[in-house]
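Each chain, written out:
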Amino acid sequence: PTQFELRHKNAQFANAVRSGKKAVKPSRQEQLSKRSPVSLWALGMVVFVVLGGVIFELARILFL
């Protein structure tokens, strides 16, 4: 790239940052830190087991 092209790209970048756009895309480590440590299906299984237990306990209390 020529010096003119570099200056032009730098000016575009500076204008974008001044206008409030994010300077760089988030790094892979930032993206991974925002993810939940428990996968969605595992969380669903835990909720299923807990709610199923609650329903069975209520049925046992009410009908036995």
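Residues numbered from 1 in each chain as written. Predicted model: local features only at pLDDT ≥ 70, side-chain atom pairs only at ≥ 80, totals over all residues. Heavy atoms only, no water.

1. So, the overall build of the protein
The condition that has to hold: Secondary structure elements follow DSSP: runs of H or I of four or more residues count as helices, runs of E of two or more count as strands, with numbering from the N terminus. Burial classes: relative accessible area under 20% of the type maximum marks a residue as buried, over 50% as exposed, and values in between as partly exposed (1.4 Å probe, protein chains only). Accessible surface area values rest on a Shrake-Rupley calculation with a 1.4 Å probe, where residue burial reflects the displayed protein chains alone.
Secondary structure summary: the protein contains three helices and zero strands in total. Going residue by residue from the N terminus, the α and β elements of the protein occur as α-α-α. Considering only C-alpha atoms, the protein reaches an extent of 85 × 20 × 10 Å along its principal axes. By residue count, 0% of the 64 residues in the protein fall in the buried class. Split by element, the accessible area of the protein, about 6500 Å² in all, is 68% carbon and sulfur.

2. Things to note about the environment of R35
Here R35 shows up in the loop between α2 (28-34) and α3 (40-63). Classification of R35 as exposed rests on a relative accessible area of 59%.

3. So, the pattern of salt bridges
Rule in force here: Salt-bridge detection follows one rule: a side-chain nitrogen of Lys or Arg within 4 Å of a carboxyl oxygen of Asp or Glu.
Going through the model one piece at a time under the given rule, you end up with one salt bridge. A salt bridge links E57 to R60, with the nearest nitrogen and oxygen atoms 2.9 Å apart. Residue E57 and its partner R60 are both found in helix α3; the two are separated by three residues, about one turn of the helix. Residue E57 is classed as partly exposed on the basis of its relative accessible area of 41%. Owing to a relative accessible area of 45%, R60 belongs among the partly exposed residues under this scheme.

4. Considerations on the confidence of the model for the protein
Note the threshold: A score between 0 and 100, pLDDT records how confident the predictor is in each residue.
Mean pLDDT for the protein: 89, with 98% of residues reaching 70 or above. α3 holds the highest mean pLDDT among the elements of the protein, 95, whereas α2 holds the lowest, 82.

5. Observations regarding a nonpolar patch on the surface
Here is the rule: Patches here: salt-bridge-free residues with over 30% relative accessible area, like charges joined within 9 Å, nonpolar side chains (Val, Leu, Ile, Met, Phe, Trp, Tyr) joined within 5 Å.
On the surface, V46, V50, V54, L58, I61, L62, F63 and L64 cluster together into a nonpolar patch covering about 910 Å² of accessible area. Of note, L64 is situated in the segment after α3.

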